[in-house]
Amino acid sequence: MSNFSKEQRVAFEEVLEAFDDALVVSKLVKVKRFDATELERSSNYVWRPVPYIGTSYAGTDQTANFQNYTQMSVPSVVNQSRSVPFQMSDTEMRDAIQEGRLKEAASQKLASDINLFLLQLISNQGTQFVKRAAAASGFDDVAAMAKIFNEQGIPMQGRKAVFAPGDWNGMVSNLQVASRSFGNDISDNALKNASIGQISSFSTFMLDYAQSKTAAAGGGGLTVSTTYTAGGAGNYWLPLNLQGSGGLSSNVDNRYQTITVSSTTNVVAGDAFTIANVFACHRITKQSTGALKTFRVISVPSSTTLVISPPLINRAGTSQAEQAYGNVVVSAQSGTAAIVFLNTVTGTQNPFFVDGAVELLAGTFNPPSDAGVSVMRASTSQGIEMVMMKGYDINTRQIKTRFDVFYGGVVLQPEMCGIAMFSQT
């Protein structure tokens, strides 16, 4: 039997509603729910399968082409725990308005934590990079995002772009004057509501904050070997489903790869770059897009190694896995090639992605309700559970209250996510 009065129940429901309304970014991504028992037994880790990509061959006789397919998977983990605790004396509790304001502040902060977490996740791990030399100005900027997605076979449905306030205003300013006429919905909405809406296959949204990225400081003379060796040697990645030795094996995360470069001096996580003669290809047809493939630095382990995403998977590799999951066409598969950094000016990152590429993971925890603490729990429309716990300390006459959420996030498909940066000279 709960110890909460009806008034407190109503208040908690109002807080939950405010929390749900504030989840702007999380409403744009898919939410994945897991069985609580399974999460506990797996230490909150769950491996998720990546869709297969088929390989086709010409000719009638396919005798030599029957091969085992490589199933790739991605680890997802629920590891983010955020709390908002506060206390009030039993005399302060006489003012119900103050308690209500504290609860509202708690819900807003937790919503902000989740939004910021997802924003950072996409901004740091999205590998498609759109570099715009001028300030944000409207349709052409979003069309550049659509171009890179279209060329690489990213689904047309469910595309979303999120813009920092300053960049959003620049785009709205362009659209509100474009073909200005009475009854023009695009111009009217831009003028009256600062709204962009659906544009060039993307649904667009504005944030009230954004993540900044500093200008790359790595040396201009950095190089990397592009010499190909069958079997995934050198700086090319051979997609794997399992690896191990001694009869033991474990799943492999194929989103990242460690490459050797001439130097990593001043290179930092988040930097975006291209490699000379390494072109992106369509993920299904395997045709070259004619545009250099963009990569992101995930971490810098040593003075000559970088962990990058996505890995370099040679479309022309000798294995079925390379031919199926190949993402690059290398026109010069020998010697070394120059690395060119793309984030040349410090600025805000504007994430874009497609449905299913990013997931918000809904976690649960089970505080006891019979240990002297009153517990209430509920889920938002997206399945993120918020727990309210309340207890009275008879020594100090203080009522302690805390609100908690437990969640995680994963970029399942880094090549289906990216960022755009403006004013990059």
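Residues numbered from 1 in each chain as written. Predicted model: local features only at pLDDT ≥ 70, side-chain atom pairs only at ≥ 80, totals over all residues. Heavy atoms only, no water.

### Some thoughts on the pairing of strand E22 (residues 385–393)
A regular strand places its side chains on the two faces of the sheet in alternate fashion. The condition that has to hold: Here the term buried applies to any residue with accessible area under 20% of the maximum for its type, exposed to any over 50%, and partly exposed to those in between, with areas from a 1.4 Å probe on protein chains only. The helix count covers DSSP runs of H or I at least four residues long, the strand count covers runs of E at least two residues long, and both are numbered beginning at the N terminus. Whether two strands pair comes down to DSSP finding at least two bridges between them.
Where burial is concerned, most of E22 is hidden: 7 out of the 9 residues are buried. Two elements, strand E21 (residues 374–379) and E22, share 6 bridges in a ladder whose sense is antiparallel. Bridge assignment links valine 375 to a residue of E22, and that residue is methionine 389.

### Topic: the pattern of salt bridges
Put simply, the rule reads: The term salt bridge refers to a pairing of a side-chain nitrogen on Lys or Arg with a carboxyl oxygen on Asp or Glu at a separation within 4 Å.
The full count for this structure, using the stated rule, is 12 salt bridges. Between glutamate 415 and arginine 283 there is a salt bridge, and its shortest N-O distance comes to 2.7 Å. You can see glutamate 415 sitting in the loop between strand E23 (398–411) and strand E24 (417–421) and its partner arginine 283 sitting in the loop between strand E13 (272–281) and strand E14 (288–299), a full 132 residues away along the chain. Among the residues examined, glutamate 415 registers a relative accessible area of 12% and is labelled buried.

### Brief notes about helix H4 (residues 139–151)
Condition: Between the first and last residue of a helix there are one fewer steps than residues, each counted as 1.5 Å, and that sum is the expected span.
Relative to the 18 Å expected for 13 residues at 1.5 Å per residue, H4 spans 18 Å between its end C-alpha atoms, a close match to the ideal helical length. Asp141, Val142, Ala144, Met145, Ala146, Ile148 and Phe149 are the residues of H4 that are buried. Count one or two residues on from H4 and you reach glycine 153, which has phi positive near 80 degrees.

### Here's the deal with the nonpolar core
Where we set the bar: Nonpolar core, defined: a set of buried Ala, Val, Leu, Ile, Met, Phe, Trp, Tyr and Cys residues in which side-chain atoms within 4.5 Å join the residues together.
Of all hydrophobic cores here, the largest spans 50 residues; its most connected members are Met145, Phe163, Phe202, Phe352 and Leu360. Here this core takes 8 residues from helix H3 (residues 96–125), the largest share from any one element. Listed in part, the 20 residues of the second largest apolar core include Val267, Phe273, Val328 and Ile339.

### A short note on the sheet that holds strand E7 (residues 202–206)
In space, the 6 strands of this open sheet follow the order E4-E24-E19-E5-E7-E6, with mixed pairing throughout. Pairing within the sheet leaves two strands with one partner each, and these edge strands are strand E4 (128–131) and strand E6 (198–199). Taken together, the 4 bridges between strand E19 (residues 350–354) and E24 define a ladder with antiparallel strand orientation. Each residue of the ladder has a partner; that of asparagine 350, found in E24, is alanine 420.

### Observations regarding the environment of alanine 135
Position of alanine 135 relative to the elements: it lies in the loop between E4 and H4. Between the alpha carbons of alanine 135 and glycine 170 there is a distance of 7.2 Å; along the sequence they are 35 residues apart.

In short, the description is geometric, and any link to function would need to be established separately.
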